[in-house]
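Below, each chain spelled out in residue letters.
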Number of protein chains: 2
Amino acid sequence: MAASGIETALRMLEGRWKMVIIFHLFDRGTLRFSELERAIPGVSQKVLINQLRELEKDGIVERQVYPQVPPKVEYKLSAWGEQMCPALDLLLEWTAQRPQGNAET
Amino acid sequence: MAASGIETALRMLEGRWKMVIIFHLFDRGTLRFSELERAIPGVSQKVLINQLRELEKDGIVERQVYPQVPPKVEYKLSAWGEQMCPALDLLLEWTAQRPQGNAET
DNA sequence: CAGGATCCGCTACGATACTG
DNA sequence: CAGTATCGTAGCGGATCCTG
């Protein structure tokens, strides 16, 4: 088993908001920057952009720029990014099965 | 979809080495501290212990202490922790399918 | 609207030395 | 062997201001 491979794998997902972003994009398909901002209350612009850039760099998220006067940028999961969602769903299921009470202590 | 739930979920797995630890424990069943140390070259004792403690606190890993003169402590996945492995496997599969070349650039 | 530029604080990580 | 203690650092995350 390539345990060392998981490092690189998970480093792409490390980041306080990446999963949240991915879930929102998976849930709603395509979102503009401001929509993401509103969808994720706790995050600041800088961090949001930062995480988006990293996700983009890693090929998980795609960024579509519309060259308009009021700027419009849309984010969505790449095909590959979408393929990760089953895994995340499993992860969610798993957390839901936590024995000692699933309260977020 | 509980996108906010994923935050708490993944925060348990955040940590440079947690996944690696989990994979090793899943792979080899039970490991002593020194064995984990050797299995994971890049990690320092302090961090390794730290991550183990957090995993233990979150109920993912179980710690078995044998009160002996040469101390012996074994770590293994809890039943719940083992249930996470399918998800991690999916995640690994997913990373293996990376389109733009799965090199860790 | 989208995001660049700064400054700032925290904590996760890392290396090393020491101990029961 | 399995930790604890201490110190140092980089980077992430956060807030705020500014711009095309």
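Up top is the structure.
None of the values given here were measured: they were computed from a predicted structure. (Residues numbered from 1 in each chain as written. Chains lettered and ligands numbered in written order. Predicted model: local features only at pLDDT ≥ 70, side-chain atom pairs only at ≥ 80, totals over all residues. Heavy atoms only, no water.)

Enquirer: Outline the interface of chain B and chain A, supporting the account with residue identities and numerical values.
Expert: On the chain A side, the residues contacting the 42 residues of chain B number 42 residues. Both sides together, the interface formed by chain B and chain A hides about 3700 Å², and carbon and sulfur atoms give 74% of it. Seen at the junction of chain B and chain A, the total is zero salt bridges. The tally of links between chain B and chain A comes to three residue pairs in polar contact (both at pLDDT 80 or more). At the level of secondary structure, the elements contributing two or more residues to the side of chain B that touches chain A comprise helix H1 (3–11), helix H2 (18–28), helix H5 (79–82) and helix H6 (85–96) of chain B. Here the residues of the side of chain B that touches chain A are counted per class, giving 24 nonpolar, 10 polar and eight charged. (Contact = heavy atoms within 4.5 Å. Buried area = accessible area lost by both parts, 1.4 Å probe. Salt bridge = Lys/Arg side-chain N within 4 Å of Asp/Glu carboxyl O. Polar contact = N/O pair within 3.5 Å; in protein donor to acceptor, adjacent residues only side chain to side chain. Helix = DSSP H or I, 4+ residues; strand = E, 2+ residues; numbered from the N terminus. Nonpolar A, V, L, I, M, F, W, Y, C, P; charged D, E, K, R; others polar.)

Enquirer: I'd like a rundown of the protein's contact with DNA strand C, residues and numbers included.
Expert: Taken together, 19 residues surround DNA strand C, and among them Ser34 and Arg63 of chain A together with Arg16, Lys46 and Gln51 of chain B come closest. Here a base oxygen of DNA strand C sits 3.4 Å away from a polar atom, N or O, in the side chain of Gln45 of chain A. Listing elements by their share of the surface near DNA strand C, those giving two or more residues are helix H3 (33–39), helix H4 (45–57) and strand E3 (72–77) of chain A together with helix H4 (45–57) of chain B. Residues of the surface near DNA strand C, tallied by class, amount to eight nonpolar, five polar and six charged. (Near = heavy atom within 4 Å.)

Enquirer: Describe the protein's contact with DNA strand D, and please don't skip the residues or the numbers.
Expert: Around DNA strand D, 21 residues are found, and the nearest of them are Arg16, Lys46 and Gln51 of chain A together with Ile49 and Arg63 of chain B. Taking the atoms of DNA strand D that fall within 4 Å of the protein, sugar and phosphate contribute 62% of them. A distance of 2.7 Å is found between a phosphate oxygen of DNA strand D and a side-chain nitrogen or oxygen belonging to Trp17 of chain A. The contact in question runs from a phosphate oxygen of DNA strand D to an N or O atom on the side chain of Arg53 of chain B, over 3.0 Å. The set of elements that each furnish at least two residues to the surface near DNA strand D consists of H4 of chain A together with helix H3 (33–39), H4 and strand E3 (72–77) of chain B.

Enquirer: So what's going on with the environment of Ala9 of chain B? Which residues, and what values?
Expert: Following the sequence through the fold, Ala9 of chain B ends up in helix H1. Residue class for Ala9 of chain B comes out buried when judged on its relative accessible area of 6%. With residues up to four places along the chain from it excluded, the contact list for Ala9 of chain B reads Leu92 and Thr95 of chain A. (Buried < 20%, exposed > 50% of the residue type's maximum accessible area, 1.4 Å probe, protein only.)

Enquirer: Can you explain the packing of helix H2 (residues 18–28) of chain A against H4 of chain A? Please cite residues and give values.
Expert: Residues and elements named next belong to chain A. In contact at an axis separation of 10 Å, H2 and H4 are set at 75° when each is read in the N-to-C sense. Here H2 is positioned roughly perpendicular relative to H4, judged by the angle of their axes. In contact with Lys18, Ile21 and Ile22 of H2, H4 contributes Leu48, Gln51, Leu52, Glu54 and Leu55. Looking at the contact of H2 with H4, its residues break down into five nonpolar, one polar and two charged. (Axes fitted to C-alpha atoms, helices over the stretch in contact; angles between N-to-C directions. Parallel < 35°, antiparallel > 145°, perpendicular 65-115°, else oblique.)

Enquirer: Account for the sheet that holds strand E2 (residues 61–66) of chain B, naming residues and giving values.
Expert: Residues and elements named next belong to chain B. Pairing is antiparallel in the open sheet, where three strands are placed in the order E1-E3-E2. Here the strands that pair on one side only, and so sit at the sheet edges, are strand E1 (30–32) and E2. The sheet shows a mean angle of 25° between the axes of neighbouring strands, taken without regard to direction. One ladder, built from six bridges, connects E2 with E3; its direction is antiparallel. Opposite Gln64, over in E3, you have Glu74 as the bridge partner. In the packing of H4 onto the sheet, the strands contacted are E2 and E3, and the crossing angle to E2 comes to about 110°. (Pairing = 2+ DSSP bridges.)

Enquirer: Describe the side chain of Arg98 of chain B, naming the residues involved and giving the relevant values.
Expert: Assignment of secondary structure puts Arg98 of chain B in the segment after H6. We note that Arg98 of chain B is buried and unpaired, the nearest opposite charge coming from Asp58 of chain A at a distance of 4.3 Å. Among the polar contacts listed, one links the side chain of Arg98 of chain B to the backbone oxygen of Asp58 of chain A, at a separation of 3.5 Å. (Lys, Arg positive; Asp, Glu negative; His and termini not counted.)

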